[in-house]
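Architecture at a glance
Next come the chains, spelled out residue by residue.
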2 protein chains.
Amino acid sequence: MKVGILGAGQLGRMLAAAALQMGLDPWLYDPDPAACGHRAGQSWAYDYSDTEQLESFARQVDLCTFEFENVPVEAVQIVSRHTLVSPGMAALAVSQDRLHEKNFFRALGIATPKFHPWEGNETQGIVKTRRLGYDGKGQWDLDRASPQTEAECIWEEKVPFQREFSQIGVRSRTGELAYYPLVETLQREGILCEALAPAREVDPNLEQQAREWVGSILEALDYVGVLALELFEVEGRLLANEMAPRVHNSGHWTDRGCRTSQFENHWRALLGWPLGSTQATGCVRLINLLGSVPEVAPPGATYYGKEPRPGRKVGHITLVGESPEAVDQQALGVFSDAT
Amino acid sequence: MKVGILGAGQLGRMLAAAALQMGLDPWLYDPDPAACGHRAGQSWAYDYSDTEQLESFARQVDLCTFEFENVPVEAVQIVSRHTLVSPGMAALAVSQDRLHEKNFFRALGIATPKFHPWEGNETQGIVKTRRLGYDGKGQWDLDRASPQTEAECIWEEKVPFQREFSQIGVRSRTGELAYYPLVETLQREGILCEALAPAREVDPNLEQQAREWVGSILEALDYVGVLALELFEVEGRLLANEMAPRVHNSGHWTDRGCRTSQFENHWRALLGWPLGSTQATGCVRLINLLGSVPEVAPPGATYYGKEPRPGRKVGHITLVGESPEAVDQQALGVFSDAT
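Note that the coordinates shown come from a computational prediction; the quantities given were computed from them, not determined experimentally.

All right, on to helix α6 (residues 204-220) of chain A then. Residues and elements named next belong to chain A. Taking 1.5 Å as the rise per residue, α6 with 17 residues should run 24 Å; its terminal C-alpha atoms sit 24 Å apart, in good agreement. For α6, every residue scored as buried is listed here: Leu206, Ala210, Trp213, Val214, Gly215, Ile217 and Leu218. In this fold, the buried residues of α6 make contact with α5 (98-107), β10 (163-171), β11 (177-179), β14 (225-234) and β15 (237-244). Taking the backbone nitrogen of Asn205 as reference, a side-chain oxygen 2.8 Å away marks Asp203 as the first, capping residue of α6. Positive backbone phi, approximately 45°, marks Asp222, located one or two places after α6.

Structure follows, in structure tokens:
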């Protein structure tokens, strides 16, 4: 069976690798011929505005997904006319606009930091472009900077959070639901640096809350596939930050540290196949490799085959141990080798 | 770094997939353009007797391995003149001839069933061709059949074993050694059908014995890479059956059921990189898919992308559970779905 992926970055590459292992035939569409995912399947390197190529691609594949919510809506619409695209347009429309997304959360009763459309008169808080921001781009902390953009923005309260979490859920075409363990994420300048899975010392009520929120999002959107919800922990409460309608960096540990990876379960969901177990196989610490990779890959390293460039996500290391202490000890070894 | 693989069957394919994940660039040489591994890397589909192509391939790669001990020695010799091939010629020479192999075991003090060169006058026992047998081919039980071959053969005592085991070990270029848990293998007509890992209810002295034997083989051959030793359990003792100087079907469970797969550790050994943990992440049951694969891949299924054909190894399922009972319960589900 041929399965399509719009976008051939590392997420597309890992989706393709999982597809190959499952006996599927992955096709990747990405305008950049150097995109690292192209080498993991049948490569289609054409512009997203090339209707003819998009249509030809869409007619070849039995179903299609995307690795990134900022793939142009028009391209997804064209593909959708010829094959089934999951997650669908509803999820894309919500997640491409931060204001729509926050309003959607509010409508579902999911708590968020305070927010409203940015009108230029606030002096504190965070201003974010409504569209096309990722990895901390298109964001300004009003205490430190003025927004440098003509684009429409959203203002958000700056919350003094204790920790950041990510809850990944998956919903199958059949309606089957599964949740990965709650993950603590450590970010620097808006970029995920590390993740701890399962998150440590978390109030079970918060975990339950996170699952219920993700479940309500999945149901409301009649969602098919993997979805990640990023959360703040503020004084024992959760606030939703943003969602990603796709496989997510905070779930990369599932490839080596979980019974079934997020990539495999994404395909299983799209195909309506029974979902695999989301159980962690130990205490896991995911370390993102930014900028460059060690020449000698540490055990548990996954490299994306991307050219090194400052700050770029070029790989990750998944450490798995019997206890948080054991995995932290392994991490010390990785960091000392890296220096 | 470019790494070469002679042979592009499922073992080559899984080696290539592991290489890609580690940031290596796999090149596969196999005369059959339809071989399933070709799609997992740079494909070279030329005959093993094509010296020019072999040399060209060898000059391109930084190091090389093989997926199968019956790759022609002459081809390995040609490649060896231009790049480092591991495991080396010593391991190949020993394992391509059953009589040499058994004599080698004897010289290391490794117990085996009784054996001697077949001279045609035995009426009981097993006769095997000395060369080119695999998956039960080229073998005759004298109780049931007469050898149908002009080839040189070895006679072996037929041992009334209770169980069959496989011990996989890995030795790095640096001399570092690691052992996977002992595995019980279930065979039908010489073909591996299932494997239980770690093997259940095994006398720790036998496990120790299996490791020591593998260690002595690895050291004696100055071996680099993964090696499997197949064993019989006979009345509380071990007897060595045969070795495979490569990644092995009895280790396929390590891809999903172990901290580090045999495929990754094979490359780590060849590159002299620190070996990854060989710890199982639970109780594992590997089920080979022979002939054809279920259309809906069960969780834990790995498909090789091969054309279905009766008896052919076309995939496997790795079930991982908290206990032997839990994993056996999962297996019941797989078998009932398959019927």
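Structure's up, so let's keep going.
Attention now moves to the relation of the copies chain A and chain B. Mapping chain A onto chain B calls for a rotation angle of 180° and an axial translation of 0.0 Å; the resulting RMSD is 0.0 Å. Both chain copies can therefore be described as sitting about a two-fold axis. Residue Thr281 of chain A of chain A places its C-alpha closer to the rotation axis than any other residue of that unit, at 2.9 Å. With an isologous cut-off of 70% or more, the 100% of interface residues of chain A that recur at the interface of chain B puts this contact in the isologous class.

Here we take up the domain arrangement of chain A. Along its sequence, chain A is organised into domain 1 (2-85), domain 2 (114-156) and domain 3 (163-338). Here domain 2 of chain A and domain 3 of chain A have C-alpha centroids that lie 27 Å from each other.

In this structure the tally under the stated criterion is one cavity of 30 Å³ or more. Here the largest cavity is characterised by a volume of approximately 920 Å³. For the largest cavity, the lining is made up of 42 residues, of which Ala17, Gln21 and Asp255 of chain A together with Gln21 and Asp255 of chain B are closest to its centre. For the lining of the largest cavity, the elements supplying multiple residues, two or more each, are α1 (10-21), α7 (254-257), α8 (262-271) and β17 (301-303) of chain A together with α1 (10-21), α7 (254-257), α8 (262-271) and β17 (301-303) of chain B.

Between chain A and chain B, the contact holds 28 residues from the first and 28 residues from the second. Summing both partners gives a buried area of about 2300 Å² for chain A against chain B, and 44% of it is carried by carbon and sulfur. Interface area lost by chain A to chain B is led by Gln21, Arg256 and Arg259 of chain A, which between them contribute 26%. Linking Glu264 of chain B and Arg256 of chain A is a salt bridge whose minimum nitrogen-to-oxygen distance equals 2.8 Å. For the pair chain A and chain B, the number of links is 20 residue pairs in polar contact (both at pLDDT 80 or more). Broken down by class, the residue content of the side of chain A that touches chain B amounts to twelve nonpolar, eight polar and eight charged.

Residue and element names in this part refer to chain A. Between helix α2 (residues 51-60) and helix α3 (residues 73-80), whose axes approach to 8 Å, the crossing angle comes to 45°. As far as their axial angle goes, α3 and α2 are oblique. As for the relative orientation of α2 and α3, their crossing is right-handed in sense. Two secondary-structure elements touch here, α2 through Thr51, Leu54, Glu55 and Ala58 and α3 through Ala75, Ile78 and Val79. Taken together, the residues of the contact of α2 with α3 sort by class into five nonpolar, one polar and one charged.

Residues and elements named next belong to chain A. The full count for this structure, using the stated rule, is 14 aromatic pairs over all chains. Ring geometry for Trp44 and Tyr46: centres 6.1 Å apart, planes at 65°, overall edge-to-face. For Trp44, a relative accessible area of 12% translates into the label buried. Residue classification places Tyr46 among the partly exposed positions, given a relative accessible area of 34%.

Before going further, it helps to spend a moment on the pairing of β10 of chain A. Residues and elements named next belong to chain A. Of all nine residues in β10, nine are buried, a share of seventy percent or more. Every second residue of β10 is oriented toward a common face, with Arg163, Phe165, Gln167, Gly169 and Arg171 on one face and Glu164, Ser166, Ile168 and Val170 on the other, all of them buried. As judged from the nine bridges shared by β10 and β14, these two strands associate in the antiparallel manner. Considered in β14, the bridge of Glu164 is made with Phe232. Across three bridges, the pairing between β10 and β11 is antiparallel.

A few words now on the environment of Lys102 of chain B. Residue and element names in this part refer to chain B. Structurally, the position occupied by Lys102 is in helix α5 (residues 98-107). Judged by relative accessible area, Lys102 falls into the buried class, the value being 2%. Sequence-wise, Lys102 and Glu242 are 140 residues apart; in three dimensions their C-alpha atoms are separated by 7.7 Å. Not counting the four nearest positions on each side in its chain, Lys102 is found in contact with Thr112, Pro113, Phe115, Ile154, Glu156, Ala240 and Asn241.

Residues and elements named next belong to chain B. Taken together, four strands build an open sheet; the order of strands is β6-β9-β7-β8 and the sheet is antiparallel. Here the strands that pair on one side only, and so sit at the sheet edges, are β6 (115-117) and β8 (139-141). The average angle at which neighbouring strand axes cross in this sheet is 20°, direction not considered. Of the strand pairs in this sheet, β6 and strand β9 (residues 153-156) are connected by three bridges, and their pairing is antiparallel. Directly across from Phe115, in β9, lies its bridge partner Glu156.

Conventions used here
- Residues numbered from 1 in each chain as written.
- Chains lettered and ligands numbered in written order.
- Predicted model: local features only at pLDDT ≥ 70, side-chain atom pairs only at ≥ 80, totals over all residues.
- Heavy atoms only, no water.
- Helix = DSSP H or I, 4+ residues; strand = E, 2+ residues; numbered from the N terminus.
- Expected span 1.5 Å × (residues − 1).
- Buried < 20%, exposed > 50% of the residue type's maximum accessible area, 1.4 Å probe, protein only.
- Contact = heavy atoms within 4.5 Å.
- Polar contact = N/O pair within 3.5 Å; in protein donor to acceptor, adjacent residues only side chain to side chain.
- Least-squares fit on C-alpha atoms with pLDDT ≥ 70 in both.
- Domains from an automatic or database assignment.
- 1 Å grid on protein atoms, 1.4 Å probe; cavity = no way out; pocket = protein on both sides within 12 Å on 5 of 7 lines; lining within 4 Å.
- Points joined across faces, edges and corners; volume = space filled by probe spheres on them.
- Buried area = accessible area lost by both parts, 1.4 Å probe.
- Salt bridge = Lys/Arg side-chain N within 4 Å of Asp/Glu carboxyl O.
- Nonpolar A, V, L, I, M, F, W, Y, C, P; charged D, E, K, R; others polar.
- Axes fitted to C-alpha atoms, helices over the stretch in contact; angles between N-to-C directions.
- Parallel < 35°, antiparallel > 145°, perpendicular 65-115°, else oblique.
- Left-handed = near helix turned anticlockwise from the far one by under 90°.
- Phe/Tyr/Trp six-rings, centres within 6.5 Å; stacked < 30°, edge-to-face > 60°.
- Pairing = 2+ DSSP bridges.

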